[in-house]
Amino acid sequence: MSVAQALASRDAKLFERLRDWEDVLTMIVDPESKQVRNVERTQRLVEALLERSGVSREAFWSQSPARRSRTFLERFSRVSRGLPKLEISSFDLDRVAKERYRTEPLTIGAAWHHGFWRSYFSHAAITHPANDGLREEFSTAWDIARRRPALLYHEPAGTRVHELRSERLDLPILVGPLPHSDGRTMERAYLDAIRRSDPLLDLKTSTRVLVEALQYAKNRDAYLPDLEHVMVRFAAERLRPEQAVTGEGDWPLVEEVAVPSRMLELAVPCELDCATLQKTLALLHERFPQLLVSVFLRYSDAFWKQLYVAARAPGVAMLHVHSGLQKSYRLIPAVDKLLKQARLRSRVALVTAGGDSDTVSSASVVYEAVLLGANGGSATHLAELALSPRFAEVLLGADAEPVLRHIAARDASENADLASSTLTCWQHSILDFLSCMGIDDIQKTSGNNMAITVTADWLREVDALATPEFGRRNRELNLERLRDEPIPRAEREAFRVSRLLDQVVPDLELVASAQVLAHQNANYHLMNTNQNLTADHLQVIYRMSGGRFPDTDDFFLEGAMGPRSLDGIGVRVSRAAIEASLQNLRSNPTAL
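Per chain, residue numbering runs from 1 following the sequence as it is written. Since the coordinates come from a predicted model, pLDDT governs what is reported: local features require at least 70, and pairs of side-chain atoms require 80 or more to be given and counted, while whole-chain, interface and lining totals use all residues. By convention in this description, side-chain values take in all heavy atoms of the structure and omit both hydrogens and water.

What follows deals with unusual backbone geometry. Along the chain, glycine 176 connects to proline 177 via a cis peptide bond; the corresponding omega equals -5°. Secondary structure elements follow DSSP: runs of H or I of four or more residues count as helices, runs of E of two or more count as strands, with numbering from the N terminus. Relative to the helices and strands, proline 177 is located in the loop between β5 (173-175) and α9 (185-195). Its identity as a non-glycine residue notwithstanding, glutamate 87 has a phi of 55°, on the positive side. With respect to the secondary-structure elements, glutamate 87 resides in the loop between α4 (65-76) and α5 (90-99). Positive phi is not limited to glycine here, since arginine 343 has a value of about 60°. Residue placement: arginine 343 occurs in the loop between α16 (328-341) and β11 (349-352). Arginine 343 gets classed as exposed once you look at its relative accessible area, which sits at 69%. Buried, partly exposed and exposed residues are distinguished by accessible area as a fraction of the type maximum, computed with a 1.4 Å probe on protein chains only: under 20%, between the cut-offs, and over 50%, respectively.

Another aspect to go through is the side chain of aspartate 250. Take aspartate 250: it is sitting in the loop between α12 (241-246) and α13 (251-261). Apart from the residues lying within four places of it in its own chain, the contact partners of aspartate 250 are Ala213, Phe234, Arg238 and Leu239. Contacts between residues were defined by any pair of non-hydrogen atoms, one from each residue, lying within 4.5 Å.

Those residues of helix α20 (residues 401-409) that sit buried are Val403, Leu404 and Ile407. In an axial view of α20, the angular spread of the buried residues amounts to 100°, which keeps them on one side of the axis. In α20, those exposed residues whose orientation departs by more than 90 degrees from the buried face are Arg405 and Ala409. Here, the arc refers to the directions that run from the helix axis to the C-beta atoms.

Attention shifts here to the environment of aspartate 226. Tracing the sequence through the fold places aspartate 226 in the loop between α11 (220-223) and β7 (230-235). Overall, the relative accessible area of 3% leaves aspartate 226 in the buried class. In this structure the C-alpha to C-alpha distance between aspartate 226 and arginine 188, which are 38 residues apart in sequence, comes to 9.3 Å. In terms of polar contacts, aspartate 226 uses its side chain to reach the side chain of arginine 195, at 2.8 Å. For this analysis, a polar contact is any N or O atom pair within 3.5 Å, provided that within protein one partner can donate a hydrogen and the other can accept it, and provided that sequence-adjacent residues contribute only side-chain to side-chain pairs.

With that settled, consider the side chain of serine 364. By secondary structure assignment, the location of serine 364 is in helix α17 (residues 363-371). Look at serine 364 and you get buried, because its relative accessible area is 4%. For serine 364, the side chain forms a polar contact with the side chain of serine 362, separated by 2.7 Å.

Now for the pattern of salt bridges. Think of a salt bridge as a Lys or Arg side-chain nitrogen and an Asp or Glu carboxyl oxygen that are within 4 Å of each other. Taken as a whole and judged by the stated rule, the model has 27 salt bridges. In this structure, aspartate 23 and arginine 37 form a salt bridge, with 2.9 Å as the shortest nitrogen-oxygen distance. Highlighted residues: aspartate 23 in helix α1 (residues 3-29) and arginine 37 in the loop between α1 and α2 (39-53), separated in sequence by 14 residues. With a shortest N-O distance of 3.1 Å, glutamate 167 and arginine 208 are connected by a salt bridge. A residue pair is termed long-range when its members are at least 10 positions apart, and glutamate 167 in strand β4 (residues 166-169) and arginine 208 in the loop between α9 and β6 (209-212) qualify at 41 residues.

Under this scheme, a helix contributes an axis fitted over its contacting stretch, all axes are lines through C-alpha atoms, and angles between N-to-C directions fall in the 0 to 180 degree range. Two elements in contact, helix α15 (residues 303-312) and α16, have axes separated by 11 Å at closest approach and are oriented at 50°. If you check the angle between α15 and α16, you find them oblique. The crossing of α15 and α16 is right-handed. Mapping the contact onto sequence places Phe303, Trp304, Leu307 and Ala311 in α15 and Leu331, Ala334, Val335, Leu338 and Leu339 in α16. Of the residues that constitute the contact of α15 with α16, the class distribution is 9 nonpolar, no polar and no charged. Put simply, angles under 35 degrees are roughly parallel, angles over 145 are roughly antiparallel, angles from 65 to 115 are roughly perpendicular, and the rest are oblique. Should the near helix be turned anticlockwise from the far one by less than a right angle, the crossing is termed left-handed; should it be turned clockwise, right-handed. Nonpolar residues are Ala, Val, Leu, Ile, Met, Phe, Trp, Tyr, Cys and Pro. Charged residues are Asp, Glu, Lys and Arg, and all others, Gly as well, are polar.

Stacked, tilted and edge-to-face are the three classes assigned to paired rings of Phe, Tyr and Trp, where Trp is represented by its six-membered ring and a pair needs centres within 6.5 Å; plane angles under 30 degrees give stacked, over 60 edge-to-face, the rest tilted. Scanning the model with the defined rule gives 6 aromatic pairs in all. Pairing tyrosine 299 with phenylalanine 303 gives two aromatic rings, centres 5.3 Å apart and planes at 50°, and the pair type is tilted. With relative accessibility at 27%, the residue tyrosine 299 sits in the partly exposed group. Measuring from centroid to centroid gives 5.0 Å for phenylalanine 303 and tryptophan 304, while their planes differ by 80°, and the two rings are edge-to-face. The exposure class of phenylalanine 303 is buried, given its relative accessible area of 0%. Residue tryptophan 304 is classed as partly exposed on the basis of its relative accessible area, which comes to 29%. An aromatic cluster of at least three residues, connected via ring pairs, comprises Tyr299, Phe303 and Trp304. When the NZ atom of lysine or the CZ atom of arginine is within 6 Å of a ring's centre and also within 35 degrees of its normal, the charge is said to sit over that ring. The ring of phenylalanine 296 carries the charged tip of arginine 233 above its face, separated from the ring centre by 3.8 Å. The cationic tip of arginine 287 hangs over the ring face of tryptophan 251; the distance from NZ or CZ to the ring centre is 5.4 Å.

As a further point, take the nonpolar core. What is meant by a nonpolar core is a set of buried Ala, Val, Leu, Ile, Met, Phe, Trp, Tyr and Cys residues, joined one to another through side-chain atoms within 4.5 Å. Counting 86 residues, the largest nonpolar core has Tyr190, Phe234, Leu281, Val295, Leu319 and Trp426 as the members making the most contacts within it. Per-element accounting of this core gives the leading share, 6 residues, to α9. Beyond its immediate chain neighbours, meaning those up to four positions away, leucine 319 contacts Val295, Leu307, Ala310, Ala311, Leu339, Val348, Ala349, Leu350 and Val351. With 13 residues, the next largest nonpolar core counts Val24, Leu50, Phe72 and Phe76 among its residues.

The values are spatial; any link to function lies outside them.
Below, the structure is given as structure tokens:
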């Protein structure tokens, strides 16, 4: 076979696969479509894909076309794919892909931070009386220290001052450990980016890169030049007190990194008893009194006891919490509350690492964690996705090696550029949120929904408000407002529904933007990024804009926001009631 024939054969196979994909998308929207070439073959292909992704066949086909399309594309389309198991949406993936190439702020609001506006908003946010007790949490910089109950001691020999040792980071976001690392390439990209930090240029992106001790030992040469920006994570079982005497385990590595790095992290397994943990922490503090220790804890049966021991230990400046099977946004407030009750919260910084079913997916998630009681968060999956969105495929089961080879094949400066742009966007996102804190006018008009952490508990609390008493009181307040601010009669008459219906010209041609719906293919759902307003809703809007009347089914469409949406409250309305209302509207519009 000649080269030309081989290429032609390859192209033919490619086009055949594209046609199969087109048939699948068409069938998902319209199972009875005549455009599908081989119906039986396409049905088998769709069912095989559904089985592979763990989606119930019955549940899938019972959904509306828009919901079916999103369900399918979230699993099989890179453009709209999300990672629901980690609470990473397609919006998060799209944003992190764009942030890699953004050296400027993401929004106009963040751009204000350059010059006068940044000075004004940041100062107002931090010094506003409403935030008096929260200045540390909401400061743009992050000072990590082991704090004490007192710094000035009056003793028989005189007055003694205890000086706190602290580490200042520009961001409340740590980087790593990276789940799919070759041990150096991606970490080196972030270290090179941190080197570029320049406060004079408002490039405040200095932070710490977390590295496992095993990876550090294998790639020592990659980290030695920048140990001041590295935090090595040691396994507690490799730092047992008895091993320190003989120099076994990882104690020699601790000797190597303790002074230049000034920080390290101790990963505590759930089976480690509290007495051993206490001895290890005490020994670390005895040998390296200036060392700031972070304790990494995964939620387990022993979690609360280990947390209490770690928070009390001298030298421990940070508690790095992984929520395990729990949701981090539920565990972090509980940890914060417990430490406050034990009068230990002010001694240590609290950092969230997410959990098995949620992760730090953006800078806004870190901001939300701060609102829930943390001081910062660690970007793991997010930091990888920032260097290559192809890691989304890896998180769904693909091999990581090709992606790692692709990143390693780039020039080091290109990787550093991507990491630097990502850190810059994180910085300005945090600043943008801070600009809205404590400033009433901005807080009311910012439209920043990121400031609300939507959890199942929060939804239940909101749902509980929808009582008959609430409805009656809400109606009374609306009537009072109408009495105080009556609508002018001219406007009231002009915009009555019955008057507006007289202006409708029936059966106009659909607007040009609706023509994309004519394809009847799942691809058109990619045109709309608002998951709450699906293509089914758009179809109704476009049809009504052309003078068509609404149908009963139009009132029962659902969005695709998932379990964290207010759609979950449910509205008790029957199909018969809707049909009766539509019939009354058609026969007598003035009855409205």
